[in-house]
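# Tertiary structure, described
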Amino acid sequence: DTGVSQNPRHKITKRGQNVTFRCDPISEHNRLYWYRQTLGQGPEFLTYFQNEAQLEKSRLLSDRFSAERPKGSFSTLEIQRTEQGDSAMYLCASRDDRFSTNEKLFFGSGTQLSVL
Amino acid sequence: AQSVTQPDIHITVSEGASLELRCNYSYGATPYLFWYVQSPGQGLQLLLKYFSGDTLVQGIKGFEAEFKRSQSSFNLRKPSVHWSDAAEYFCAVGATGGTSYGKLTFGQGTILTVHP
């Protein structure tokens, strides 16, 4: 169990540029979640996957955001035409609910995005 | 819609003193309740969770929390704080029902400072 891994740890970009983040969940975890955390706030749910299927998207996830989990393992979160309001910590979490619906979430350390 | 309120943005205690962090939630039924801790540069770590049964739950690092349905509260306590407990603490509520579990609503967090 190597934990949930997120890359990069930090990303600085100029407004209008596209960025992509990667999340590698704990091996064999079937559910993967993306959250966003702005300064002074708790994390906010963005979207989640069961295997490769994206099952729910928050209203926070505008059309500029897209998430994929093509083979049911790692996931990417892309933000197109970034805006300063996108500056935040993007957190990924995973869990395995194949045998129990009560299994806890494991969070990664996050990707800190700064849009200049 | 579910929501979580953590009334105290910042709490300062002396090492060895007792601690209570407040959390109030809003949810239509009996919720899943969680406390997470986040240290700088670290991911969220689960301290404890409540699903059902005994309303006093024990967690890691000597923390406990009590679910009080009548007060819609889930306060976190520790009898004697250590300097290493300094961090930000988040209370969260999760919807019951297998497909929604993992989609958490977090409070805005309480920053704990520990004085020697």
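Here the structure is a predicted model, which is why all the values come from computation and not from measurement.

All names here are of chain B. Counting 26 residues, the largest nonpolar core has Leu19, Trp35, Leu47, Leu48, Phe74, Leu76 and Tyr89 as its most contacted members. If one sorts the elements of this core by residue count, strand S10 (residues 87–94) sits on top with four residues. The contact partners of Leu76, leaving out residues within four places of it in the chain, are Leu19, Glu20, Leu21, Trp35, Leu47, Leu48, Phe63, Glu64, Ala65 and Tyr89.

Okay, unusual backbone geometry next. All names here are of chain A. In the segment running from Asn7 into Pro8, the intervening peptide bond is cis, with an omega of -5°. The topology assignment puts Pro8 in the loop between strand S1 (5–7) and strand S2 (10–13). Although it is not a glycine, Glu28 sits at a positive phi angle of roughly 75°. Positive phi values are uncommon outside glycine, yet Arg81 reaches one of about 45°. Within the secondary structure layout, Arg81 lies in the loop between strand S8 (75–79) and strand S9 (88–95). With relative accessibility at 46%, the residue Arg81 sits in the partly exposed group.

Let us look at the sheet that holds S8 of chain A. All names here are of chain A. Spatial ordering of the open sheet is given by S1-S3-S8-S7, a layout of four strands whose pairing is antiparallel. Because the sheet does not close on itself, it has two edges, and the strands there are S1 and strand S7 (65–68). Between one strand axis and the next, the sheet turns by 15° as a mean value, whatever way the strands run. As defined by bridge partners, strand S3 (residues 19–24) adjoins S8 across five bridges and the pair is classed as antiparallel. Along S8, the bridge assignment pairs Val19 with Ile79.

Rules and cut-offs
- Residues numbered from 1 in each chain as written.
- Chains lettered and ligands numbered in written order.
- Predicted model: local features only at pLDDT ≥ 70, side-chain atom pairs only at ≥ 80, totals over all residues.
- Heavy atoms only, no water.
- Core = buried A, V, L, I, M, F, W, Y, C linked by side-chain atoms within 4.5 Å.
- Buried < 20%, exposed > 50% of the residue type's maximum accessible area, 1.4 Å probe, protein only.
- Helix = DSSP H or I, 4+ residues; strand = E, 2+ residues; numbered from the N terminus.
- Contact = heavy atoms within 4.5 Å.
- Pairing = 2+ DSSP bridges.
- Axes fitted to C-alpha atoms, helices over the stretch in contact; angles between N-to-C directions.

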